[in-house]
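Coordinate analysis (summary)
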Amino acid sequence: MIPTEDASARKREIEEKLKQEQETLAFIRENLEKSDQLTKGMVSILSSFESRLMQLENSIIPVHKQTENLQRLQENVDKTLSCMDHVISYYHVAKDTDKIIREGPTGRLDEYLACIAKIQKAVEYFQDNNPDSPELNLVKARFEKGKESLEAEFRGLLTRYSKPVPPILILDAIGVDEELEVQEEVTLEHLPEAVLQDIIIISGWLVEYGRNQGQGQRVHRVRMRGAPRTRRGPTPVHRHRSSEKRRPSPSMRFYSSTILYDFMNVYFQIRSNQLDRSIKGLKEHFRKSSASSGILYSPAVQTKRKDTPTKKAPKRPGKDDVLDIEIDSYIHCISAFVKLAQSEYALLSEIIPEHHQKKTFDSLIQEALDNLMLEGDNIVSAARKAILRHDYSAVLTIFPILRHLKQTKPDFDTTLQGTAASTKNKLPTLITSMETTGAKALEEFADSIKNDPDKEYNMPKDGTVHELTSNAILFLQQLLDFQETAGAMLASQVLGDTYNIPLDPRETSSSASSYSSEFSRRLLSTYICKVLGNLQLNLLSKSKVYEDQALSAIFLHNNYNYILKSLEKSELIQLVAVTNKKVESSYRELIQQQIQVYQRSWYKVTEHLTDRNMPAFQPGTKLKDKERQAIKDKFKGFNDGLEELCKIQKGWAIPDKEQRDFIRQAQRKVVSEAYKAFLQRYANISFTKNPEKYHKYRPDDVEDMIERLFDTSA
């Protein structure tokens, strides 16, 4: 049970809290009433503001619409005035551009092209809006005049600035200085850069806009110099420049073919002339410098050609030098043509439309190429005529040229890629012609060696080396510089059957380049063996012209020895050994045989020194007259025979000192020993009252006489 005091206290506490809550509630109600009053006031204000805004909007919108209409009217008026000015400007184009068009584009190409662009726009306007207007004819005429001036400027720039390439620069470009291990890149700048850029711009305009304006095609603005463009430097001769340059868009390909081909014809005619002049200038420069210095150089000719006919032609001073200069000049011109043609194509690719470049290039190189091919044909023709005259040395003019043509052919083919088949076939045709002529000359030379006539007046009276031998060996030695060319030349004519050499199926192509070098080497070796065999047969036949068998032997000995020494001194011995490994021993055997034949000529002298058919004599024995006379006859026979042989053989010749000494020593030994034995045998036998009459020579005298054999100065 709660105490009464506590209940009273609890009641008072609850009443106080209730009172506080009631006060709070009253306060909240009072504030709510105030808030309602404020809300009603704000709503009233906003409603009034909205009403006023609606009134303002109703007043402003009509004014805004009126202002907008006025602005639209103003813009229409401005556009109309602008269009009127633009249209009126077309009527003044002819007058405004008249002075510049008449004066031409020289020196102000950009300004001139800008005028042409204005005229083009005027032509378009009148064609689209007033095709019957007289102004259309006027601006058309002005455009044609401008177009003609641009064509004339194109021609003029090319003509004025296209110059032949200096010969020294061409020689640097083809790299004739083989002493430099690293060749600097040589550039051929045919046109000044500024001129080239003008020509490119004009060319681009003629391609893109130089069409019949009556076709009504849309025109595009020509690129001005103010626009960015890539500057191109001089043209490297070893590669083509990129063809990345402005070309007409597909919509602009309706240009007049007449205009296009006109300016391309102008281009190839001018540049073709300069190409031909460059090559002719090089040729003339080379002739002059070679003639003045007397020193000839050629990348294909390492040795000077010498006259090697079967029958020596009358000497004409300077003939060989002139021929060498012509050959060397032609070889340089071939190399120069390739480099210049590559450079011309690089220049052409900057100026001529891509799909016309090959055809224009084909036309551009024709004159220079035809001249080179004609000169080559003349060389072949001269060689054929010389072969008919049996002047087989003429084949040597073909070898260096043919070798160089074959070396240059890959570059030729690359440079002429895309040209007409007739153009690309010119060099192979010339190569084939030279191969055929050369092979024929080689074959006829071999036959001429075999069939050279045996005439007494043509034989050396002293038995020395025959001119036929020296010429034949010299000819063969000079083939060493052109082993591959000569072998391929023989192979190209399929001469394996002639020499009984089996042909490999892989080596039976009509092109000489397809033959293996080993097969060509075998062919050349067999050919040389054939020539040497023919030479040996002819020498045997010629030796029979001599009445003296000993002189005939000396003649054959000299020739065989000369052949052997010549083979050993050069690479001929290795080349011949490819098909005849016993060639050296064969010639040594032939030489020894002829020495033995020669030594037999002394038998008629040494037979007097023998005691054949002579009785044995005892010292102090009195001889019969018949016996004394027999001894006298032996002395007299020896003396006369010795004197006669020495007198005759003193005028003979053995050019090889080693062989000459060997033969003298061998003969001196044989005769001296026999003579000493002979003198000793009859030393104590009295067979005459005048021994000095028969005993004319001491052994030393005999040896001295033999030592002076083969020496006309002794």
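Residues numbered from 1 in each chain as written. Predicted model: local features only at pLDDT ≥ 70, side-chain atom pairs only at ≥ 80, totals over all residues. Heavy atoms only, no water.

When you go through the chain residue by residue, the secondary structure sums to 22 helices and two strands. Counting all 714 residues of the chain, 44% fall into the buried class. Partitioning the contacts of the chain with sequence separation of at least 6, the portion at a separation of at least 24 is 82%. Per element, the accessible surface of the chain, about 39200 Å² overall, is 52% carbon and sulfur. (Helix = DSSP H or I, 4+ residues; strand = E, 2+ residues; numbered from the N terminus. Buried < 20%, exposed > 50% of the residue type's maximum accessible area, 1.4 Å probe, protein only. Contact = heavy atoms within 4.5 Å. Areas by Shrake-Rupley, 256 points an atom, 1.4 Å probe, with all protein chains shown as cover.)

A complete count under the given rule lists 29 salt bridges for this structure. Of the charged contacts in the structure, one is a salt bridge between Arg 72 and Glu 68, with a shortest N-O distance of 3.9 Å. Pair noted here: Arg 72 and Glu 68 are both in helix α1 (residues 4–103), with a separation of four residues, about one helical turn. The exposure class assigned to Arg 72 is partly exposed, which follows from its relative accessible area of 42%. The class of Glu 68 is partly exposed, set by a relative accessible area of 36%. Overlapping salt bridges bring together Lys 657, Asp 661, Arg 664, Arg 668 and Glu 707 as one network. (Salt bridge = Lys/Arg side-chain N within 4 Å of Asp/Glu carboxyl O.)

Below, the discussion takes up the nonpolar core. Phe 337, Tyr 527, Tyr 598 and Trp 602 are the most contacted members of the largest nonpolar core, which has 169 residues in total. Ranked by residue count, the leading element in this core is helix α7 (residues 319–351), at 14 residues. (Core = buried A, V, L, I, M, F, W, Y, C linked by side-chain atoms within 4.5 Å.)

Applying the stated criterion across every chain yields a total of 16 aromatic pairs. The interplanar angle of 85° and the centroid separation of 5.1 Å between the aromatic rings of Tyr 345 and Phe 361 together place this pair among those described as edge-to-face. Of this pair, Tyr 345 sits in helix α7 while Phe 361 sits in helix α8 (residues 357–388), placing them 16 residues apart in sequence. Each of the two residues, Tyr 345 as well as Phe 361, counts as buried. Here the aromatic rings of Tyr 546 and Phe 555 are separated by 5.4 Å at their centres, their planes lie at 55°, and the arrangement is tilted. These aromatic residues form a ring-pair network of at least three members: Tyr 91, Tyr 125 and Phe 126. (Phe/Tyr/Trp six-rings, centres within 6.5 Å; stacked < 30°, edge-to-face > 60°.)

The end-to-end C-alpha distance of α8, which contains 32 residues, comes to 45 Å, matching closely the 46 Å that a straight helix rising 1.5 Å per residue would cover. The sharpest bend along α8 reaches about 45° and sits at Gln 366. (Expected span 1.5 Å × (residues − 1). Bend = angle between axes of the 7 residues up to and from the residue.)

A separate point is the packing of α8 against helix α9 (residues 395–415). α9 packs onto α8 with a crossing angle of 160° between their chain directions and a minimal axis gap of 12 Å. Taken together, the axes of α8 and α9 are roughly antiparallel relative to one another. Crossing hand, α8 versus α9: left-handed. Note on element contacts: α9 touches α8 through Thr 397, Ile 398, Ile 401, Phe 412 and Thr 415, opposite Phe 361, Leu 369, Ile 379 and Ala 383. Partitioning the contact of α8 with α9 into residue classes produces seven nonpolar, two polar and no charged. (Axes fitted to C-alpha atoms, helices over the stretch in contact; angles between N-to-C directions. Parallel < 35°, antiparallel > 145°, perpendicular 65-115°, else oblique. Left-handed = near helix turned anticlockwise from the far one by under 90°. Nonpolar A, V, L, I, M, F, W, Y, C, P; charged D, E, K, R; others polar.)

Glancing now at the confidence of the model for the chain. Of all residues in the chain, 82% attain a pLDDT of 70 or more, and the chain-wide mean is 81. The model gives residues 295–318 a pLDDT under 50, and that stretch makes 68 contacts with residues more than four places away or in other chains. Predicted confidence is poor over residues 502–515, with pLDDT under 50, and the contacts of this stretch with residues over four places away or in other chains come to 21 contacts. (pLDDT = per-residue confidence, 0-100.)

Attention shifts here to a nonpolar patch on the surface. Together, Phe 49, Leu 53, Leu 56 and Ile 60 make up a nonpolar patch on the protein surface, roughly 400 Å² of accessible area in all. Along the chain, Ile 60 turns up in helix α1. Look at Ile 60 and you get partly exposed, because its relative accessible area is 48%. (Patch = residues over 30% accessible without salt bridge, like charges linked within 9 Å, V, L, I, M, F, W, Y side chains within 5 Å.)

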